[in-house]
Amino acid sequence: MNSDVQIAGDPLALPHLMPPPPAHPSTVAGFAGLARAVAADRAAWSRLVRYDATSRWYRRLRTGPGYEVWLLSWVPGQGSGLHDHGRSSGVLTVLHGELTETHRTPGGAVRRRLVAGDQRVFAPGHTHEVVNDSLEPAVSLHVYFPGLTEMPFHDRRDEVALRNSPAPARQYAPRD
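This section reports on the structure supplied with the text.

Analysis parameters
- Residues numbered from 1 in each chain as written.
- Predicted model: local features only at pLDDT ≥ 70, side-chain atom pairs only at ≥ 80, totals over all residues.
- Heavy atoms only, no water.
- Pairing = 2+ DSSP bridges.
- Helix = DSSP H or I, 4+ residues; strand = E, 2+ residues; numbered from the N terminus.
- Axes fitted to C-alpha atoms, helices over the stretch in contact; angles between N-to-C directions.
- Contact = heavy atoms within 4.5 Å.
- Expected span 1.5 Å × (residues − 1).
- Buried < 20%, exposed > 50% of the residue type's maximum accessible area, 1.4 Å probe, protein only.
- Arc of directions from axis to C-beta.
- Phe/Tyr/Trp six-rings, centres within 6.5 Å; stacked < 30°, edge-to-face > 60°.
- Lys, Arg positive; Asp, Glu negative; His and termini not counted.
- Salt bridge = Lys/Arg side-chain N within 4 Å of Asp/Glu carboxyl O.
- Polar contact = N/O pair within 3.5 Å; in protein donor to acceptor, adjacent residues only side chain to side chain.

A word on the sheet that holds strand 8 (residues 138-145)
Consider a sheet: its strands pair through backbone hydrogen bonds, and that pairing is either parallel or antiparallel.
Argument step 1. Pairing in this open sheet of 5 strands is antiparallel, and the strands run 1-2-8-3-6 from one edge to the other. Where the open sheet ends on each side, the last strands, each with one partner, are strand 1 (57-64) and strand 6 (119-122). Averaged over neighbouring strand pairs, the angle between their axes works out to 15° when direction is ignored.
Argument step 2. Pairing of strand 1 with strand 2 (residues 67-74), which is carried by 7 bridges, proceeds in the antiparallel orientation. Each bridged residue has a counterpart across the sheet, and for Tyr 58 the counterpart in strand 2 is Leu 72.
Argument step 3. The strands touched by helix 2 (residues 28-40) within the sheet are strand 1, strand 2, strand 3 (89-96), strand 6 and strand 8, with strand 8 carrying the most contacts at an inclination of about 145°.

Encoded structure:
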């Protein structure tokens, strides 16, 4: 008896029958995967990193249909200020060192320590501050979709209130 492959041939050998590969990610999980893939290619980004004592250093690594990828470096003490990303969603991935992200929730401020390999996904309008409050430089990767067109900063009084808000103890979960 003949198999289907013997009778009809291998469908994978006929490219016109296969769906086209996606041109770019189309889901949050896809963008998080893109960030992980770029992060894993250390040889491609590590030689580009520069540290600037006066301000955060950044470089756009890649653009695609509806997204862009940025590489940032942070020396100790540098921070983003309290801001949002307008209509863009994003994925923040720490590549080296550690950063602290603080954002407001209905229950108060939440602080998260992010170390190399950690990712943080956020929706449009997510207001946060990211700071390198460690003693070592840090490097992070940011994917924005759609591409970043605005980054509004928020009132300094809100920033001080956010920094001084007590963070629930459960937000400082021990790392394995």
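Now that the structure has been shown, the text picks up again.
Digging into helix 2
Argument step 1. Here helix 2 spans 18 Å end to end across 13 residues, near enough to the 18 Å set by a 1.5 Å rise per residue.
Argument step 2. Among the residues making up helix 2, those that are buried are Phe 31, Ala 32, Leu 34, Ala 35, Val 38 and Ala 39. In an axial view of helix 2, the angular spread of the buried residues amounts to 155°, which keeps them on one side of the axis. Of the exposed residues in helix 2, the ones pointing more than 90 degrees away from its buried face are Ala 29 and Ala 40.

Some remarks on the packing of aromatic side chains
Argument step 1. Summed over the entire model, instances satisfying the criterion amount to 3 aromatic pairs.
Argument step 2. Centre to centre, the rings of Phe 31 and Phe 145 are 3.9 Å apart; their planes meet at 5°, and the pair counts as stacked. Of this pair, Phe 31 sits in helix 2 while Phe 145 sits in strand 8, and the two are 114 residues apart along the sequence.
Argument step 3. For Phe 31, a relative accessible area of 5% translates into the label buried.

Focus: the side chain of Asp 84
Argument step 1. Among the secondary structure elements, Asp 84 is positioned in the loop between strand 2 and strand 3.
Argument step 2. Buried charged residue Asp 84 carries no salt bridge. Nearest counter-charge: Arg 87, at 11 Å.
Argument step 3. Of note is the side chain of Asp 84, whose polar atom sits 2.7 Å from the backbone nitrogen of Gly 86.
Argument step 4. Only 2.8 Å separates the side chain of Asp 84 from the side chain of His 154, close enough to count as a polar contact.
Argument step 5. Apart from the residues lying within four places of it in its own chain, the contact partners of Asp 84 are Gly 125, His 126, Thr 127, Glu 150, Met 151, Pro 152 and His 154.

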